[in-house]
Amino acid sequence: MDATTLTLSTRFQIGEVDERVFGGFLEHLGRAVYGGVYDPGSAHADEDGFRSDVCDALKMLDMTAMRYPGGNFASGYHWLDGVGPREDRPTVQSRAWHTVETNQFGTDEFIKLCRGMDWTPMFTVNLGTGTPEEAADWVEYTNAAAGTVYADMRVENGSTDPHDVKLWCLGNELDGPWQLGHVPAREYALRARQTAKMMKDVDSEVELVACGSSGITMPTYAEWDRTVLEIVGDLADYISVHRYVDNPSGDTADFLAVTSSIDRQIEEIDAVCRCVQAKRRSEVRAYLSFDEWNVWFHQRRKSRPRKAGSGPLEELYTLEDALVVAGFLNSFLRHADVVKIANLAQIVNVIAPIVTHGDAMLIQSIFYPFAMFAKRRRGVSLRPVVAGPAYDSVNYGRVHTVDASAILDGEMLHVFAINRDVTEAAKLAVDVSDGEIVGVESAELLTGPDALVVNTFEAPDVLRSCAFEDAVAADGRGRATLPPLALAAMTFRLDKTGA
Ligand code: AHR
């Protein structure tokens, strides 16, 4: 295969990478909360009932904004059920997922977990079966100083200081017929606008995510977003974007090309944001909150049953899935000026990088790309110009064999490169037009013997990132040879003298 050149300039900057792009998502669904992060019966439980093994593994991902309590679950959730003495909390039907919710884990437990994990809480209010007033009351509970009924309730429940939750989603996927309280766009938008106003009246500093299209295949895709943004107006700081990807035909090369359609989805919804801003002649621009994303299909496709554990939505992730996860992250970095928040859905057991089984825990393939990017996420994203071999994918058009992104952090240049070729190695040269690459600070590689290889409880270390010796600095350039089906995360030292 011919070599690929990645040309960068320190002056061609896309934007500062918002650290909230490395967020996660915890939903009351299956074994995500109970048996996942919260498991008082486990040998690993700490004094609060949080699983220390799961928390320690999640710390390696250094996640930022943590979305909670759903997802679909949020559209039927009444937050008052989940606060106060545990023995007084009601056990209710979770109508979104047709399960039973004991409410033993709620707002205060989640905040405590966030504080311990250094996560920024991001709540989704119930705009399915809930009211604007219920949402505003939740903001009062979390953010107001003592002296009014819900703030005093928080104090009574053990937290004198406000929880200071600044990031809130105005409902979840209300464009979808599966959603509790699903309505046409205009109806949702009127409800969201009223809610947003009331929430900002309680705390003017909250940032709000209006509910955008739940996927590119929705019949109302883009039109829903336009209507919502026009009606919610300047009260919407962000619009949500969701995407779960699939490999329906088992074609690895095609699956790995999905990044071009993620790029496109971001650009389309951003175009809607700009169009509405122009129509409204507003100074306020809504940015993108890509608050659900992942690979999710193994459990949905009976033809390829792969199950990681005993609960619903428990996917067993392959090497190709991990490379697609890396592709999502490359795409977010390439749109750092637009994507300000993103949440990997989800964090444990449910479509997750970590799975528990009793007291045992397994790290899945998709854990590694997230960790490799997260430790190199600070700085400004540079425009990556790729020249080299390309292929025609069945569903996503012509794409470069190497998919790339880059972040400049002072003298450090982080480069992320995926070799999508199934059989051949890819030679990569990194050329900085106004600087010289003078050394390699660190480099890691994730690869494996074939696209469908997985980690299991019996063989947990088949896939893991390892030191990448084949990344070097020579003649002012970075050079690397990526094996087939591989992700390299490389940090080069850059000399900008004379630039
Ligand atoms: O993450 C699983 C589910 O996927 C979420 O609850 C919902 O928002 C989406 O459809």
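Residues numbered from 1 in each chain as written. Predicted model: local features only at pLDDT ≥ 70, side-chain atom pairs only at ≥ 80, totals over all residues. Heavy atoms only, no water.

1. With respect to the overall build of the chain
In terms of helices and strands, the chain carries 10 helices and 26 strands. For 499 residues, the compact-globule estimate of 2.2 N^0.38 gives 23 Å, and the C-alpha radius of gyration of the chain, at 23 Å, lies within 12% of that figure. Dimensions of the chain, computed from the C-alpha atoms along their principal axes, are close to 65 × 60 × 45 Å. Expressed as a percentage of the 499 residues in the chain, the buried residues total 61%. Considering only contacts within the chain whose residues lie at least 6 apart along the sequence, 75% involve residues at least 24 apart. Summing over all exposed atoms, the chain offers an accessible surface of approximately 18500 Å²; the carbon and sulfur share of this is 50%. (Helix = DSSP H or I, 4+ residues; strand = E, 2+ residues; numbered from the N terminus. Rg over C-alpha atoms; globule rule 2.2 N^0.38 Å. Buried < 20%, exposed > 50% of the residue type's maximum accessible area, 1.4 Å probe, protein only. Contact = heavy atoms within 4.5 Å. Areas by Shrake-Rupley, 256 points an atom, 1.4 Å probe, with all protein chains shown as cover.)

2. Focus: the site of the ligand
In the vicinity of the ligand, the residues found are Phe 25, Glu 27, Gly 71, Asn 72, Trp 97, Asn 172, Glu 173, Tyr 244, Glu 292, Trp 296, Gln 346 and Ile 351. Here an oxygen atom of the ligand and a side-chain polar atom of Glu 292 are 2.6 Å apart. Here an oxygen atom of the ligand sits 3.0 Å away from a polar atom, N or O, in the side chain of Gln 346. Its free accessible area being 280 Å², the ligand has 95% of it covered by the protein chains. Partitioning the shell around the ligand into residue classes produces five nonpolar, four polar and three charged. (Near = heavy atom within 4 Å. Polar contact = N/O pair within 3.5 Å; in protein donor to acceptor, adjacent residues only side chain to side chain. Nonpolar A, V, L, I, M, F, W, Y, C, P; charged D, E, K, R; others polar.)

3. Side note on unusual backbone geometry
Along the chain, Tyr 68 connects to Pro 69 via a cis peptide bond; the corresponding omega equals 0°. Along the polypeptide, Pro 69 turns up in the loop between strand S4 (65-68) and strand S5 (92-94). Across the junction of Gly 70 and Gly 71, the peptide omega takes the value 15°, indicating a cis bond. Structurally, Gly 71 can be placed in the loop between S4 and S5. Within the chain, Asp 475 stands out as a residue other than glycine whose phi angle is a positive 55°. Take Asp 475: it is sitting in the loop between strand S24 (471-474) and strand S25 (477-482).

4. Regarding the sheet that holds strand S19 (residues 402-409)
Taken together, seven strands build an open sheet; the order of strands is S2-S15-S19-S20-S26-S22-S23 and the sheet is antiparallel. Single-partner strands in this sheet number two, and they are strand S2 (13-16) and strand S23 (466-467). Of the pairings in the sheet, the one linking strand S22 (residues 436-447) to strand S26 (residues 486-495) comprises 10 bridges and is antiparallel in character. When the sheet's bridge partners are listed, Val 440 is paired in S26 with Phe 492. The strands touched by helix H9 (residues 319-334) within the sheet are S2, strand S15 (380-382), S19, strand S20 (412-419), S22 and S26, with S19 carrying the most contacts at an inclination of about 50°. (Pairing = 2+ DSSP bridges. Axes fitted to C-alpha atoms, helices over the stretch in contact; angles between N-to-C directions.)

5. Digging into helix H3 (residues 132-143)
With 12 residues, H3 should reach 16 Å at 1.5 Å per residue; the first-to-last C-alpha distance of 16 Å fits that figure. Where burial is concerned, most of H3 is hidden: 11 out of the 12 residues are buried. By the burial criterion, the buried members of H3 are Pro 132, Glu 134, Ala 135, Ala 136, Asp 137, Trp 138, Val 139, Glu 140, Tyr 141, Thr 142 and Asn 143. Contact partners of the buried residues in H3: helix H2 (107-117), strand S7 (120-124), helix H4 (149-156), strand S8 (167-170) and helix H5 (185-202). (Expected span 1.5 Å × (residues − 1).)

6. What about the pairing of S24?
The pairing of S24 with S25 spans four bridges and is antiparallel. Directly across from Val 472, in S25, lies its bridge partner Arg 479. Adjacent in sequence and paired antiparallel, S24 and S25 are bridged by two residues, among which Asp 475 carries a positive phi angle near 55°.

7. Side note on the nonpolar core
Membership of the largest hydrophobic core comes to 124 residues, with the highest contact counts inside it found for Leu 26, Trp 168, Tyr 188, Phe 290, Trp 293 and Phe 332. The greatest single-element share of this core, amounting to 10 residues, is contributed by H9. Per-domain counts for this core show at least three residues from each of domain 1 (4-9 + 382-495) and domain 2 (18-377). Grouped together as the second largest cluster of nonpolar side chains are 28 residues, Leu 8, Ala 406, Val 415 and Ala 417 included. (Core = buried A, V, L, I, M, F, W, Y, C linked by side-chain atoms within 4.5 Å. Domains from an automatic or database assignment.)

8. A short note on the environment of Ala 45
Counting through the fold element by element, Ala 45 comes out in the loop between strand S3 (23-25) and helix H1 (52-59). With 314 residues separating them along the chain, Ala 45 and Asp 359 place their C-alpha atoms 9.6 Å apart.

9. A closer look at the pattern of salt bridges
Evaluation of the coordinates by the stated rule reveals 34 salt bridges. With a shortest N-O distance of 2.9 Å, Arg 89 and Glu 109 are connected by a salt bridge. Here Arg 89 is found in the loop between S4 and S5, whereas its partner Glu 109 is found in helix H2, with 20 residues between them in sequence. Exposure class is identical for Arg 89 and Glu 109. Each is buried. Several salt bridges converge on common partners, so that one network encompasses Asp 164, Lys 166, Asp 203 and Glu 205. (Salt bridge = Lys/Arg side-chain N within 4 Å of Asp/Glu carboxyl O.)

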